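An overview of the molecular structure
Below, each chain spelled out in residue letters.
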Amino acid sequence: MNKNKNKTLATWLAFVVGQLGLHRIYLYGWKDLFAWLHPLAAALGWWGVQRVQMYGQDDHVAWMLIPLLGFTLAGTALTAIYYGLMAPEKWNAQHNPSAEPDAAAGRTNWLTMGAIVLALLFGTVALMSSIVFSFQRYYEYQIEEARKISQ
């Protein structure tokens, strides 16, 4: 059985199901703490999305929770980019120490590049949306408070 960790598979896992932490479980095993923190942050973010659907956009708790989802998605997309662009020698040294430095498991192919391109696209959208949402809500709240003080 081949125990080498494949760079392309790790890149796609980080991009597609990164919010569940499956890429870290694949690389580091079930005992990895960060693998279990990914779904927690994502679940809190999804709870924020649900709160907006239930209570509307004026829910302050949702303002704090929704960016967690966006930053988790952006972070896992960045992880996919990092994995995909890693040199084969470095990948094999970290994840396949018993393999040769130029082993096939660490090589970049067109599937890896596809994951990198999609991760760049969706990661940028998630990050920028989270930043814009956070700033918009913050300044709207400041304007509301200023109006209350001026009246």
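All residue numbers here refer to positions counted from 1 along the written sequence of the relevant chain. In keeping with the model being predicted, local features are shown solely for residues with a pLDDT of at least 70 and side-chain atom pairs are shown and tallied solely at 80 or more, while totals for entire chains, interfaces and linings include all residues. For the side-chain quantities, the full set of heavy atoms in the structure was used; hydrogens and water were omitted.

Moving on: the layout of surface pockets. A volume near 150 Å³ is recorded for the largest pocket. For the largest pocket, the full set of lining residues is H60, W63, M64, P67, S134, R137, Y138 and Y141. Charged residues are taken to be Asp, Glu, Lys and Arg, nonpolar residues to be Ala, Val, Leu, Ile, Met, Phe, Trp, Tyr, Cys and Pro, and polar residues to be all remaining types, Gly included. By residue class, the composition of the lining of the largest pocket is five nonpolar, two polar and one charged. Method remark: on a 1 Å grid restricted to protein atoms, a set of points is classed as a cavity if a 1.4 Å probe fits but cannot get out and as a pocket if it is open with protein on both sides within 12 Å along at least five of seven lines; lining residues have an atom within 4 Å of a point. Grid points are joined across faces, edges and corners, and a volume is the space filled by probe spheres set on the points.

As a packed pair, helix α4 (residues 60-85) and helix α6 (residues 110-150) sit with axes 8 Å apart at the nearest point and diverge in direction by 155°. As judged from the angle between their axes, α4 and α6 are roughly antiparallel. As for the relative orientation of α4 and α6, their crossing is left-handed in sense. In this analysis, axes come from line fits to C-alpha atoms, helices being fitted only over the stretch in contact, and the angle between any two N-to-C directions falls in the range 0 to 180 degrees. Helical segments are the DSSP runs of H or I of at least four residues, strand segments are the runs of E of at least two, and each set is numbered from the N terminus. When describing relative orientation, an angle under 35 degrees is termed roughly parallel and one over 145 degrees roughly antiparallel, while 65 to 115 degrees is termed roughly perpendicular and anything else oblique. Handedness of a crossing follows from how the near helix is turned relative to the far one, being left-handed for an anticlockwise turn of less than a right angle and right-handed for a clockwise one.

In a regular helix each residue adds 1.5 Å, so 41 residues correspond to 60 Å; α6 covers 60 Å between its end C-alpha atoms and thus fits that length. In this scheme, a residue with accessible area under 20% of its type's maximum is buried, one over 50% is exposed, and one in between is partly exposed, where area comes from a 1.4 Å probe on protein chains only. Within α6, burial applies to T112, A115, I116, A119, G123, A126, S130, F133 and R137. Packed against the buried residues of α6 are α1 (7-17) and α4. The distance from a side-chain oxygen at the start of α6 to the backbone nitrogen of L111 is 2.9 Å, and the residue carrying that oxygen is N109. Here, expected helix span is obtained from the residue count minus one, scaled by 1.5 Å. Contacts are assigned to residue pairs with any non-hydrogen atoms lying within 4.5 Å of each other. Polar contacts, as counted here, are pairs of nitrogen or oxygen atoms within 3.5 Å of one another; within protein the pair requires one atom able to donate a hydrogen and one able to accept it, and residues that are adjacent in sequence qualify only if both atoms are side-chain atoms.

This part covers the packing of helix α3 (residues 33-55) against α4. Relative to each other, α3 and α4 sit at 135°, their axes nearing to 7 Å. The orientation of α3 relative to α4 falls into the category oblique. The two elements α3 and α4 cross, and the hand of that crossing is left-handed. For the pair formed by α3 and α4, the contact residues are H38, A41, A42, L44, G45, W46, W47, G48, V49, R51 and V52 on the first element and V61, A62, L65, I66, L68, L69, T72 and T76 on the second.

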